[in-house]
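Architecture at a glance
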Amino acid sequence: MNNIVAIVGRPNVGKSTFFNRLIQRREAIVDSVSGVTRDRNYGKSEWNGKEFSVIDTGGYVKGSDDIFEGEIRRQVELAIDEADAIVFVVDVEEGITPMDEEVAKLLRKVKKPILLVVNKVDNAMREKDAVEFYNLGLGEYFTISGMSGSGTGELLDKIVEVLPELPEAVEEENPLPRFCVVGRPNAGKSSFINALIGEDRFVVTDIAGTTRDAIDTKYNRFGFEFNLVDTAGIRRKAKVKEDLEFYSVMRSVRAIEHSDVCLLVIDATRGFEGQDQSIFWLAEKNRKGIVILVNKWDLVEKDTMSTRDYERKIREEIAPFTDVPILFISALTKQRLLKALETAVEVFENRKQRISTSKFNELMLPIIEATPPPALKGKYIKIKYCMQLPTPTPQFVFFANLPQYVKDPYKRFIENKLRENYNFSGVPIDIYFRQK
C-alpha cells in the first residue's frame with residue numbers, strides 16, 4: 001500500500017492543476033468554472049524514489065445551495081480519514097475567505113501532517129501577499145504556482161519527509177485486470193459500483209452527468225482481484241457543450257482503451273439507443289471484452305417473454321458480433337450484481353485463452369474441407385494450415401494459396417465455427433487470411 005496525500009481546499013484555488021502536476025498526466029479536469037472536480041481523483045506520484053498516492057478532492061464548499069456541495073464536503077471528510085498527509089491549497093489572489101477559515105478549523109483538529117500551500121504565487125509581489133495566511137493558524141506555508149510549477153520542489157521534499165515509513169512492497173508480477181464501467185449518462189454506472197463496493201465512492205444524484213472523471217477502484221471479492229474504472233457518462237457528441245463534458249468523453253474513450261473488459265450499462269427504461277451502440281462499437285473496435293448489463297430492470301413492466309424479447313432486440317442491433325453476454329440487473333435492489341462480475345471475469349479469461357496449433361488445425365481443417373471458400377473466376381482456394389497469433393487479444397491466421405479471394409461472408413462463417421467450438425463469449429476475434 002502507498003502512503004496517501006489528500007489535496008483539499010475550496011473550489012477553484014487550483015487543486016486539480018497541482019494534482020495534474022504531481023501525477024504528470026491530465027487526469028483531473030481543469031477549468032475556470034468553480035466546482036469542476038466533483039469526485040475524488042486518485043493518482044500516483046513519485047519524488048526522490050518515494051512513491052505515494054494523491055487524492056484530489058472536489059472543491060470544499062459550505063452552506064451553498066448546489067446539490068454537490070454537501071456531497072463534496074463529505075468527500076473532504078473522507079479524504080481526511082483516508083490520507084496520511086493533507087495538502088491544504090489556498091489562493092493568493094483572493095486571500096483568506098470565510099470558507100478557508102472553515103476548512104482550517106476542520107484541519108486544526110486533525111493529528112496528521114498538514115501542509116498549507118499558497119497557490120498562484122508567480123511573482124515576487126505575490127510572495128509578500130502570502131504572509132497573511134499565517135492567520136489560519138496552520139504554521140508555515142509553501143508558496144507555489146501550479147501552472148508553472150515553481151516552488152513545487154520544496155513542497156514535495158516536505159511531503160516526502162512527513163509521510164510515515166512503509167514496509168518494503170513486493171513488485172506486481174501480473175497487473176490486475178481492469179474492468180471499466182461505461183454507458184450513457186445516468187444509466188446507473190456509479191450506483192452499480194457503489195453497490196458492489198458497499199462504499200459511496202461516487203457522487204450519485206439524479207442529474208445526468210455528475211461523474212466527470214474516470215476513477216479507479218481496487219476490488220477484491222470472491223478470491224478475485226481487479227480494478228474497476230468508472231467513467232464519466234459518455235455523452236452524445238452533440239451534447240458536449242460544456243467544455244468539461246468534452247474531457248469526460250475523451251476520458252471514457254481513454255478508460256476503454258486502458259481496460260481489459262468493458263461493462264456496458266444501459267438503462268432498461270430507455271432501451272438500447274444509438275449512443276449505447278456507439279459505445280459498444282467503440283469497445284469492439286478497441287478489441288475489448290464486452291458484457292452488456294441492462295440496469296434498472298426493477299422499473300420495467302415484465303411478463304414471461306420480456307427478457308427474451310429485450311435480449312433479441314439488443315442482439316439484432318449489435319449483429320454481426322452477437323456472441324456477447326447480456327444480463328438484466330438492478331444496482332438499486334442489488335439483483336444479479338455478482339453474476340455480472342462472474343461474467344466479466346469469465347470474459348477476461350476467454351480473452352486470454354490460447355489454443356494449441358495442432359488442436360486448432362485438427363478442428364478447423366476438416367470444417368474447411370467440408371465447406372471450402374467459394375471458387376472465384378474458376379480458381380479454387382485451398383487452406384492448408386492455421387494458427388492463433390501470439391497477440392494479447394484472440395487473432396487467428398489461415399494460410400491459403402489465394403487469400404485475396406476470400407470474402408467477408410466466409411470470414412464470418414469461420415468465426416462462427418470458432419465460437420461454436422471454443423468459448424469466446426464477449427470477446428471480439430480477428431481472422432486473417434495470408435499467402436502461404
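Conventions and cut-offs
- Residues numbered from 1 in each chain as written.
- Predicted model: local features only at pLDDT ≥ 70, side-chain atom pairs only at ≥ 80, totals over all residues.
- Heavy atoms only, no water.
- UniProt positions renumbered as here; feature names shortened; annotations may be inferred.
- Helix = DSSP H or I, 4+ residues; strand = E, 2+ residues; numbered from the N terminus.
- Buried < 20%, exposed > 50% of the residue type's maximum accessible area, 1.4 Å probe, protein only.
- Contact = heavy atoms within 4.5 Å.
- Areas by Shrake-Rupley, 256 points an atom, 1.4 Å probe, with all protein chains shown as cover.
- pLDDT = per-residue confidence, 0-100.
- Pairing = 2+ DSSP bridges.
- Axes fitted to C-alpha atoms, helices over the stretch in contact; angles between N-to-C directions.
- Phe/Tyr/Trp six-rings, centres within 6.5 Å; stacked < 30°, edge-to-face > 60°.
- Salt bridge = Lys/Arg side-chain N within 4 Å of Asp/Glu carboxyl O.
- Right-handed = clockwise from strand over helix to strand, strands pointing away.
- Core = buried A, V, L, I, M, F, W, Y, C linked by side-chain atoms within 4.5 Å.
- Parallel < 35°, antiparallel > 145°, perpendicular 65-115°, else oblique.
- Left-handed = near helix turned anticlockwise from the far one by under 90°.
- Nonpolar A, V, L, I, M, F, W, Y, C, P; charged D, E, K, R; others polar.

The name an unreviewed UniProt entry gives the protein chain is GTPase Der, with Flavobacterium cucumis as the organism. Annotation of the protein chain in UniProt includes, under Sequence similarities (unreviewed entry), the sentence "Belongs to the TRAFAC class TrmE-Era-EngA-EngB-Septin-like GTPase superfamily. EngA (Der) GTPase family."

1. Quick notes on the overall build of the protein chain
Broken down by element type, the protein chain carries twelve helices and 15 strands. Residue burial in the protein chain is summarised as follows: out of 436 residues, 54% are buried. Residue pairs in contact within the protein chain that sit at least 24 positions apart in sequence constitute 69% of those at least 6 positions apart. Entry remark: accessible area of the protein chain is about 20900 Å², with carbon and sulfur atoms responsible for 51%.

2. What about the environment of phenylalanine 179?
Within the fold, phenylalanine 179 resides in strand 7 (residues 178-182). For phenylalanine 179, a relative accessible area of 0% translates into the label buried.

3. Here's the deal with the confidence of the model for the protein chain
Looking at the protein chain, the pLDDT average stands at 79 and 75% of residues meet or exceed 70. Across residues 233-251, where pLDDT falls below 50, the model places 46 contacts with residues more than four positions away in sequence or in other chains.

4. Overview of unusual backbone geometry
A cis amide bond links alanine 319 with the next residue in sequence, proline 320, at an omega value of 5°. Within the fold, proline 320 resides in the loop between helix 9 (306-318) and strand 12 (326-328). Phi is positive for lysine 296, close to 60°, though the residue is something other than glycine.

5. Describing the sheet that holds strand 13 (residues 383-388)
Across the sheet, which stays open at both edges, the three strands sit in the order 13-14-15 with mixed pairing between neighbours. A single partner strand is all that each edge strand has here, and the edge strands are strand 13 and strand 15 (430-435). Here the average twist between neighbouring strands, direction ignored, is 20°. Across five bridges, the pairing between strand 13 and strand 14 (residues 395-400) is antiparallel. Among the inter-strand pairings, isoleucine 383 is bridged to a residue of strand 14, identified as alanine 400.

6. Considering the packing of aromatic side chains
The description of two aromatic rings rests on the distance between their centres and on the angle between their planes. Scanning all chains against the criterion turns up 14 aromatic pairs. Aromatic side chains phenylalanine 280 and phenylalanine 321 sit 5.9 Å apart centroid to centroid with 35° between the ring planes, which places their arrangement in the tilted category. Here phenylalanine 280, found in helix 8 (residues 274-285), pairs with phenylalanine 321, found in the loop between helix 9 and strand 12; they are 41 residues apart in sequence, far enough to count as distant. Accessibility classification places phenylalanine 280 together with phenylalanine 321 in one group, the buried group. Between the aromatic rings of phenylalanine 360 and phenylalanine 398, the centroid separation amounts to 5.9 Å while the plane-to-plane angle is 55°, which identifies the pairing as tilted.

7. Overview of the pattern of salt bridges
Within this structure, the stated rule accounts for 16 salt bridges. Across the pair lysine 158 and glutamate 161 runs a salt bridge whose closest N-O atoms are separated by 3.6 Å. Highlighted residues: lysine 158 and glutamate 161, both in helix 5 (residues 152-162), separated by three residues, approximately one helical turn. Where arginine 312 meets aspartate 309, a salt bridge forms, and the shortest distance between an N and an O atom there is 3.5 Å. Residue arginine 312 and its partner aspartate 309 are both found in helix 9; the two are separated by three residues, about one turn of the helix. Overall, the relative accessible area of 29% leaves aspartate 309 in the partly exposed class.

8. Focus on helix 1 (residues 15-23)
With respect to burial, helix 1 is a largely interior element, eight of its nine residues being buried. When we look at burial in helix 1, the residues that qualify are Lys15, Ser16, Thr17, Phe18, Phe19, Asn20, Leu22 and Ile23. Remark: glutamine 24 follows helix 1 within two positions and exhibits a positive phi of approximately 60°.

9. Observations regarding the pairing of strand 5 (residues 114-119)
Counted residue by residue, strand 5 has six buried out of six residues, so it is predominantly covered. Alternating residues of strand 5 divide into Ile114, Leu116 and Val118 and Leu115, Val117 and Asn119, and every residue in both groups is buried. One ladder, built from six bridges, connects strand 4 (residues 85-91) with strand 5; its direction is parallel. Paired with aspartate 91 across the strands is asparagine 119, a residue of strand 5. Viewed along the sheet, the connection from strand 4 through helix 3 (residues 98-108) into strand 5 turns out right-handed. With three bridges connecting them, strand 5 and strand 6 (residues 141-143) associate as parallel partners. Counterpart to leucine 116 in the pairing with strand 6 is tyrosine 141. Crossover handedness for the path strand 5 to helix 4 (residues 124-129) to strand 6: right-handed.

10. Quick look at the nonpolar core
Among the nonpolar cores identified, the biggest contains 26 residues, and Phe179, Phe192, Leu228, Leu263 and Leu293 are the most heavily contacted of them. At the level of secondary structure, the elements contributing two or more residues to this core comprise strand 7, helix 6 (189-197), strand 9 (224-230), strand 10 (261-267), strand 11 (289-295) and helix 10 (337-352). Residues Ile55, Ile86, Ile96 and Leu116 belong to the second largest nonpolar core, which totals 24 residues.

11. So, the packing of helix 11 (residues 357-370) against helix 12 (residues 408-421)
Where helix 11 meets helix 12, the axes come as close as 11 Å, and the angle between the chain directions of the two elements is 135°. By the angle between their directions, the pair helix 11 and helix 12 is classed as oblique. Judged by the sense of rotation from one axis to the other, the crossing of helix 11 with helix 12 is right-handed. Across the interface between the two elements, Phe360, Leu363, Met364, Ile367 and Ile368 from helix 11 touch Tyr410, Phe413, Ile414, Lys417, Leu418 and Asn421 from helix 12. For the contact of helix 11 with helix 12, the per-class residue count stands at nine nonpolar, one polar and one charged.

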